[in-house]
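# A structural walkthrough
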Amino acid sequence: MTLIGERERVEIRKILGTMKHPVKLINFTQTFECDTCLDTRQLLEEVAGLSDKLTLEVLNFTIDTARAAEYNVDKVPATVIEGDGNQRIRFYGVPGGYEFASLLDAIVLASQRESGLAADARAAVALINKPLHLEVLVTPT
Amino acid sequence: MALENPNITADAIEINEYPHLAQRYRVMGVPKTMIDSREGIEGALPENAFVNAVVLQVTQPGQSS
């Protein structure tokens with residue numbers, strides 16, 4: 001059974017059609033003690049199937065520890081959005097509900113290599129000159 | 001912001017799936033944004049206000065916007 005319906009597929013294809021450069025999704029998962037890992041993996045597999053520019057790599061969090069450390073991933077399920085060498089946008093948990101739209105948005109922005117920020121915001125962000133970790137805590141509804 | 005500046009890493013976390021984080025970060029409502037695991041920004045702000053609040057926290061820690 002698929003998680004994404006036929007009608008949604010058409011819409012998602014349209015959104016991903018605005019991608020410019022290739023993007024890779026890296027999904028860290030594990031097989032037990034993770035209620036949402038399976039759904040996350042299936043959802044990402046279905047999304048990745050909807051664009052030629054989108055690929056998915058699935059890694060086992062408990063086995064591929066070196067990769068997890070490389071990406072600084074500390075919990076599952078994790079989805080790293082990698083475009084143009086940038087691996088600094090990640091989703092933790094099932095990217096469902098409202099977060100699904102955010103996921104698609106992030107994929108397209110990473111692909112266009114364009115933050116979409118206004119000039120003022122861009123100038124302010126440029127002032128940050130040391131590592132900064134932002135965690136946006138959300139719920140799916 | 002993470003697309004603009006290579007110093008920035010941005011995570012979106014579905015907090016229901018990580019109850020230990022909800023507790024540690026004292027999440028009473030969403031969205032809430034943690035900056036280097038501290039000093040959260042509560043609620044959704046307009047783009048400019050959000051960016052300014054983050055930059056203020058980073059450049060002048062301890063002061064609120």
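Please read all numbers here as calculations on a predicted model, not as lab measurements. (Residues numbered from 1 in each chain as written. Chains lettered and ligands numbered in written order. Predicted model: local features only at pLDDT ≥ 70, side-chain atom pairs only at ≥ 80, totals over all residues. Heavy atoms only, no water.)

### So, the interface of chain B and chain A
How big an interface is tends to be expressed through the accessible area that disappears when the partners come together. Contacts between chain B and chain A engage 36 residues on the former and 40 residues on the latter. Interface area for chain B against chain A, summed over the two sides, is near 3800 Å², with a carbon-plus-sulfur share of 58%. Seen at the junction of chain B and chain A, the total is two salt bridges. B:Glu4 is paired through a salt bridge with A:Arg122; the nearest N and O atoms lie 3.4 Å apart. At the boundary of chain B with chain A, the tally comes to 35 residue pairs in polar contact (both at pLDDT 80 or more). Mapped onto the side of chain B that touches chain A, the elements with two or more residues apiece are β1 (8-14), β2 (32-35) and α2 (47-59) of chain B. Bridge analysis of strand β5 (residues 132-138) of chain A against β1(B) gives seven bridges, and the strand direction is parallel. (Contact = heavy atoms within 4.5 Å. Buried area = accessible area lost by both parts, 1.4 Å probe. Salt bridge = Lys/Arg side-chain N within 4 Å of Asp/Glu carboxyl O. Polar contact = N/O pair within 3.5 Å; in protein donor to acceptor, adjacent residues only side chain to side chain. Helix = DSSP H or I, 4+ residues; strand = E, 2+ residues; numbered from the N terminus. Pairing = 2+ DSSP bridges.)

### Here's the deal with unusual backbone geometry
The peptide bond linking A:Val76 to A:Pro77 adopts the cis configuration, its omega dihedral lying at -10 degrees. Within the fold, A:Pro77 resides in the loop between α3 (65-70) and β3 (78-83). Of note in this structure, B:Arg26 is not a glycine but carries a positive phi near 50 degrees. Note that B:Arg26 resides in the loop between α1 (19-24) and β2. Note on B:Arg26: relative accessible area 65%, which makes it exposed. (Buried < 20%, exposed > 50% of the residue type's maximum accessible area, 1.4 Å probe, protein only.)

### Digging into the pattern of salt bridges
Under the criterion given, the structure shown has 13 salt bridges over all chains. The salt bridge partner of B:Asp11 is A:Arg90, with a shortest N-O separation of 2.5 Å. With one member in each of two chains, B:Asp11 in strand β1 and A:Arg90 in strand β4 (residues 86-92) form a pair that bridges those chains. With relative accessibility at 2%, the residue B:Asp11 sits in the buried group. Of the charged contacts, one joins A:Arg122 and A:Glu114 as a salt bridge, the two residues approaching to 2.8 Å between their closest N and O atoms. Within this structure, A:Lys24, A:Glu57, A:Arg67 and A:Glu70 form a network of salt bridges that share partners.

### Comments concerning the sheet that holds strand β3 (residues 38-42) of chain B
On the basis of which strands lie adjacent, the open sheet formed by eight strands has the order β2(A)-β1(A)-β3(A)-β4(A)-β1(B)-β5(A)-β2(B)-β3(B) and mixed pairing. Strand pairing shows two members of the sheet lacking a second neighbour, β2 (54-60) of chain A together with β3 of chain B, which therefore form its edges. Direction aside, the axes of adjacent strands within the sheet are offset by 20 degrees on average. With five bridges connecting them, strand β1 (residues 23-29) of chain A and β3(A) associate as antiparallel partners. The residue bridging A:Leu25 from the neighbouring strand is A:Ile81, located in β3(A). With respect to the sheet, helix α2 (residues 37-48) of chain A is in contact with β1, β2 and β3 of chain A, its orientation differing from that of β2(A) by roughly 155 degrees. (Axes fitted to C-alpha atoms, helices over the stretch in contact; angles between N-to-C directions.)

### A short note on the side chain of A:Thr36
Within the secondary structure, A:Thr36 sits in the loop between β1 and α2. The class of A:Thr36 is buried, set by a relative accessible area of 18%. Side chain to side chain, A:Thr36 and B:Glu17 meet in a polar contact 2.6 Å long. Apart from the residues within four sequence positions on either side, A:Thr36 is in contact with A:Pro77, A:Val94 and B:Glu17.

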